[in-house]
Amino acid sequence: MSDLFSKSAHELMSLLRQGKTSSVEITQSVLDRIKEVEPDVRAFVSLDEEAALESARRADSLLASGASSPLTGIPIAIKDNMCFKGRRTTCGSKILENFKPPYNATVVEKLEREGMVILGSANMDEFAMGSSTETSHWGPTRNPWGLDLTPGGSSGGSAASVAACETTVSLGSDTGGSIRLPASYCGVSGMKPTYGSVSRFGLVAYASSLDQIGPFARDVNDIALLLNLICGHDPMDSTSAPVNHPDFTAFLNTSVGGMTIGAPSQFLEKIENRDVENVLADAKRVFEDLGVKFIELSLPHLDYGIAAYYVIAPCEASSNLARYDGVKYGFRAPDVEGMIDMYCKSRAAGFGQEVKRRIMLGTYALSSGYYDAYYLKAAKIRTLITEDFKKAFESCDAILCPTAPAPAFRIGEKIDDPMQMYLTDVFTIPVNMAGLPGISIPGGLSSEGLPIGIQLIASHFKESKLIQLSSAFQNCAKRHLARPSLKVN
Amino acid sequence: MKITPEQVDYVAVLGRLHLTQEEKAKYLSQLDDILKYMDTLAEVDTENVPPMASPVELFNPLRDDVVKPSLPIEAALSNAPSIEGTSFKVPKIID
């Protein structure tokens, strides 16, 4: 079979079990595809073909022995901020350019135990700080829908690799929209689970109260399969939630008649782009045809989400990134005079512009005399945003809104204007602030043929409702079947 | 709030970042823009609102006091820029 690289995980799973293909054949097909398109897309930081084929051979023997798990033998890419034992894990940064973790992140351990084939690490904004994958030390990833466009960020490599069929599925992480935004820009599905659903052990920390790992795929069925694998309590992460997650695949292809979706006026008022407005109106019609009831909602504190986020996230980052001191791991500057000089010069040369900007911002906001006005104030507004959502979910099953204000922007367009870059996350950030699950699925194309995602948000630990609604939408509207051109737009 | 060049210098010291003059000038104007946007937070009445540190209810996750294998010393040192024996090696701290 020549088109194995373009198939979804659930299709490949059934081909494997019918003995119609092997993991080695699938992996080889994906590796050939990578050779063909990676010079244009540049989605990967590290790739190890031989290791991938070795994993595939192991998967094939598991499948032959009958000891396989559902996703055994399926190729996957991981974001470059997930510790991969003995393999380069750089977080898109010069400061970690030679870092080889001595242990696996819990999610990586789970992929390996499942017998999945980890192809390599996908490109990302440095330390996940960015909305375009342009701040990576390794250079930007390009959007398969237009090679002069950004794939969004920060998990741009994870999204672009799935969109370009360079992998079957991938994992990313989402602190303020870093899974959902690139999913929207690249025309794939991506979910940020509830804070605490997926272990963060071994995920390089950016803003610990906001970070969450989640899956990318070309359809919602694969998202459900990956959630089944990665969700669950982990004693190694003290914020990991001890809850029992359901079998998410049970919510695929089920009726959504009688469910209620909320449309918050504060989100709708913000839509300025005509294509985004049309895609959202179209999605509403699809859901209504499926028997979903729509209600109007108000989330009064939503407007303060970005301001509060860009206080809280940099504050947590400035604290988390204090560990990069050139002592235990990471880059150390040569020619230094004493310890303090070593810290200052190593960090100055090891971190890129956006990371330094956020460390400066966070350090300022936490410094004596400013803590009350910034961090404490933002933490209180976070409470208000969360209460708004809790109240909203008393009257609806999910909230529908755009994922991003517009389709993908050009590489270079916003890189020198941090405030404009930050505003890209206006629809995604409130979800992280409240720790809610959110999914972006393909909603349709713009007049220029670029993908536009729609976002569904549910209450804590109700990922199942997102799967149920997304699956129904996907089955009916089939917007997820559009594929990118891999050309300059 | 307006940020001054002296504050940029001070924050760079706190953040242990050696910044060039160009970087300082750039961050001064960019941080000023960003902080101006942050000032909208002052509009919100947060009287009697508790601050939120985490989106989930935090509790003390206790575990049995059982010794488990830890990272071998060689593995823990394997990424260090400089080591001596079983220690991390750093420039002299005390004269």
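Residues numbered from 1 in each chain as written. Chains lettered and ligands numbered in written order. Predicted model: local features only at pLDDT ≥ 70, side-chain atom pairs only at ≥ 80, totals over all residues. Heavy atoms only, no water.

Asks: Outline the confidence of the model for chain B, listing residues and values.
Replies: Residue and element names in this part refer to chain B. Summary statistics for chain B give a mean pLDDT of 92 and a share of 99% for residues scoring 70 or more. At the level of individual helices and strands, chain B shows its lowest average pLDDT in helix α2 (residues 21-38), which scores 94, and its highest in strand β1 (residues 83-84), which scores 97. The complex prediction reports pTM at 0.97, with the ipTM value standing at 0.95. (pLDDT = per-residue confidence, 0-100. Helix = DSSP H or I, 4+ residues; strand = E, 2+ residues; numbered from the N terminus.)

Asks: Please set out the domain arrangement of chain A residue by residue, giving values where relevant.
Replies: Residues and elements named next belong to chain A. Split into domains, chain A comes out as domain 1 (4-259 + 409-481) and domain 2 (303-379). Taking only C-alpha atoms into account, the centre of domain 1 sits 27 Å from that of domain 2. Contacts between the two partners involve 26 residues from domain 1 and, on the opposite side, 26 residues from domain 2. Approximately 2,400 Å² of surface area, both sides summed, lies buried where domain 1 meets domain 2, with 68% of it carried by carbon and sulfur atoms. Together, Ile95, Met129 and Tyr422 form the three largest contributors to the area buried by domain 1 at its contact with domain 2, with a combined 30%. In this assembly, domain 1 and domain 2 are joined by zero salt bridges. Linking domain 1 to domain 2 there are 10 residue pairs in polar contact (both at pLDDT 80 or more). Those elements that provide at least two residues to the side of domain 1 that touches domain 2 are α14 (418-423) and α15 (429-434). With three residues, the top contributor of residues to the side of domain 1 that touches domain 2 is α14. Among the residues forming the side of domain 1 that touches domain 2, the class breakdown is 16 nonpolar, seven polar and three charged. (Domains from an automatic or database assignment. Contact = heavy atoms within 4.5 Å. Buried area = accessible area lost by both parts, 1.4 Å probe. Salt bridge = Lys/Arg side-chain N within 4 Å of Asp/Glu carboxyl O. Polar contact = N/O pair within 3.5 Å; in protein donor to acceptor, adjacent residues only side chain to side chain. Nonpolar A, V, L, I, M, F, W, Y, C, P; charged D, E, K, R; others polar.)

Asks: Mind laying out empty space enclosed by the protein, listing which residues take part and the relevant values?
Replies: All names here are of chain A. As enumerated under the stated definition, the model contains five cavities of 30 Å³ or more in all. In terms of lining, the largest cavity is formed by 13 residues, of which the most central are Gly130, Gly176, Ser178, Tyr309 and Asp425. Here the residues of the lining of the largest cavity are counted per class, giving five nonpolar, six polar and two charged. Composition of the lining of the largest cavity by domain shows at least three residues from each of domain 1 (4-259 + 409-481) and domain 2 (303-379). (1 Å grid on protein atoms, 1.4 Å probe; cavity = no way out; pocket = protein on both sides within 12 Å on 5 of 7 lines; lining within 4 Å. Points joined across faces, edges and corners; volume = space filled by probe spheres on them.)

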